[in-house]
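Analysis of the macromolecular model
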Amino acid sequence: MGEFPQPNNIMLSAGASEAIRAVVKLLVSGEGKDRAGIMIPIPQYPLYSATLSEFDAVQINYFLNEDADWSLGTEELQRSIDEARKHCNPRAICIINPGNPTGQVLSRQNIEEIIKFAHKERLFICADEVYQDNVYAKGAEFHSFKKVLTEMGDQYADQELASFHSTSKGFMGECGMRGGYCELVNVDPGIQAQLFKLVSAKLCPTVTGQAVMDVVVNPPQKGEPSYDLFMEEKSFVLSTLAEKAKLVADGFNSVEGVTCNTVMGAMYSFPQIHLPKKAIEAAKKQNLSPDAFYATHFLEEAGVCIVPGSGFGQREGTFHFRMTILPPVDKIKEVMDRFKKFHTKFMETYSD
Ligand SMILES: Cc1ncc(COP(=O)(O)O)c(C=O)c1O
């Protein structure tokens, strides 16, 4: 296990999605109680639930801790795997860091705890690290699972890991180019060969996707002609994202009935809305989940599109929505103004 990437352990993919799907497919086997189970966070990015469903794997939910900045508690991981072992064969744990839709950035200590847990339970780690360049909160820092695993020493040298990256996020946002890669760490060479055979049958990502991925991992260096412009654009994009991350979370927290964790990273806020009973009943009458009811009203009355929390999963009885921080600062300010007006009116209409 070396800290430096070994080219033979890296496979290019048409976006991170393709690599994630290929690795999940590789991990799924067995029947009945022996069927492979894959642990995923709740809330999650729906690629995971969709992929598990397509490959008929057992979805094992572990809940992120909203009260502790959406971190991963090991007690919850243990609860979730202990329950799952009764009906399936847990094979892997997926972690999204920084988080989508929850925007958390895991501390180094939390990552170590997760690695220890995975090692103890003999789980393959799928580390979705596509937002690694999107870290905004003071004191927060991105630590890759590979780096932390490597630093934990020989005791963990047999821990299998796949790390995923993408051209779609960061300060690039080139999702249409379909570029990504997966780095495999400590994966059994025989299994790795099977994976490469599996993906080779689909040939390769587009040349443009590969070229953009190359630019992402080899940015202009000091002294090169485009370095100054590159740094100027990069710092503009990242600093405005940081400004919007704060603006949005502060804005939500200033409104009664809404609570929002710090948007530490990624590109989204995921506030909780405390809905009155009357609104929940009105939603039921329309056969909508309460958060979808709220989101529909927000779209129709204020022209702003958000995604209901039920699309990502959330603890029963809680309601959230995801709102991106991507629009320009001025637009975001206007959106927050519209939100405050809409929310106040909505709560008045449905107050108990
Ligand atoms: C957490 C996460 N993983 C993976 C992806 C997929 O990225 P790509 O466009 O590289 O397939 C996304 C896209 O939104 C994402 O949010």
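Residues numbered from 1 in each chain as written. Predicted model: local features only at pLDDT ≥ 70, side-chain atom pairs only at ≥ 80, totals over all residues. Heavy atoms only, no water.

**Brief notes about the site of the ligand**
Cut-off, in case you're wondering: Any residue with a heavy atom lying within 4 Å of a molecule or strand is counted as near it. We define a polar contact as two N or O atoms separated by no more than 3.5 Å, with the added condition that, inside protein, one atom must be a possible hydrogen donor and the other a possible acceptor, whereas residues neighbouring each other in sequence contribute only through side-chain atom pairs. Surface exposure here means Shrake-Rupley accessible area, sampled with a 1.4 Å probe, where a residue is shielded only by the protein chains that are shown. When residue character is reported, Ala, Val, Leu, Ile, Met, Phe, Trp, Tyr, Cys and Pro are called nonpolar, Asp, Glu, Lys and Arg charged, and the others, Gly included, polar.
The environment of the ligand is formed by 13 residues, the closest being Ser17, Asp128, Ser166, Ser168 and Lys169. In the model, a nitrogen atom of the ligand is placed 2.6 Å from a nitrogen or oxygen of the Asp128 side chain. Separating an oxygen atom of the ligand from a side-chain N or O atom of Arg178 is a distance of 2.8 Å. If the ligand stood free it would expose 400 Å²; the protein chains cover 94% of that surface. Counted by class, the shell around the ligand contains 5 nonpolar, 5 polar and 3 charged residues.

**Quick look at the nonpolar core**
Put simply, the rule is: Only buried residues count toward a nonpolar core, which is a set of Ala, Val, Leu, Ile, Met, Phe, Trp, Tyr and Cys residues joined through side-chain atoms within 4.5 Å. Three labels apply to residues, based on accessible area from a 1.4 Å probe with only protein chains included: buried if under 20% of the type maximum, exposed if over 50%, partly exposed otherwise in between. Runs of H or I in DSSP of at least four residues are treated as helices and runs of E of at least two as strands, each being numbered from the N terminus. The contact criterion used is simple: two residues touch if any of their non-hydrogen atoms lie within 4.5 Å.
Grouped together as the largest cluster of nonpolar side chains are 35 residues, with contacts concentrated most on Phe252, Tyr294, Ile306, Phe321, Met323, Phe339 and Phe346. Contributing elements (two or more residues each) for this core: helix H8 (227-253), helix H9 (277-285), helix H10 (290-302), strand S12 (321-324) and helix H11 (329-350). The dominant element in this core, judged by the number of residues it contributes, is H11, at 8 residues. If near-sequence neighbours (up to four positions away) are discounted, Phe321 is found in contact with Phe252, Ser269, Phe270, Pro271, Ile273, Tyr294, Ile306, Val307, Pro308, Gly309 and Phe339. In this structure, Met11, Val23, Ala266 and Tyr268 belong to the second largest nonpolar core, which totals 33 residues.

**Some details on the domain arrangement of the chain**
Threshold: Each domain's extent is set by a domain assignment, obtained either automatically or from a database. Here the quantity called buried area is the accessible surface, traced with a 1.4 Å probe, that two parts lose on coming together, added over both. By definition, a salt bridge exists where a carboxyl oxygen of Asp or Glu is found within 4 Å of a side-chain nitrogen of Lys or Arg.
Splitting the chain by domain gives domain 1 (7-217) and domain 2 (227-350). On a C-alpha basis, the centres of domain 1 and domain 2 stand 26 Å from each other. Residue-level contacts link 27 residues of domain 1 with 26 residues of domain 2. For the domain 1 and domain 2 pair, buried surface summed over both sides reaches about 2300 Å², with 61% attributable to carbon and sulfur atoms. Three residues, Pro101, Tyr136 and Phe171, lead the burial of domain 1 against domain 2; their summed loss comes to 32% of the area buried on that side. Counting the contacts that link domain 1 with domain 2 gives 0 salt bridges. Counting across the domain 1 and domain 2 interface gives 12 residue pairs in polar contact (both at pLDDT 80 or more). Of the residues that constitute the side of domain 1 that touches domain 2, the class distribution is 14 nonpolar, 8 polar and 5 charged.

**Observations concerning the sheet that holds S12**
The condition is simple: Two strands make a pair as long as DSSP finds a minimum of two bridges between them.
Here we have 3 strands laid out as an open sheet, ordered S9-S12-S11, and antiparallel in their pairing. Because the sheet does not close on itself, it has two edges, and the strands there are strand S9 (268-269) and strand S11 (307-308). Both S11 and S12 contribute to a ladder of 2 bridges, which runs antiparallel. Bridge pairing in S12 links Pro308 to Phe321.

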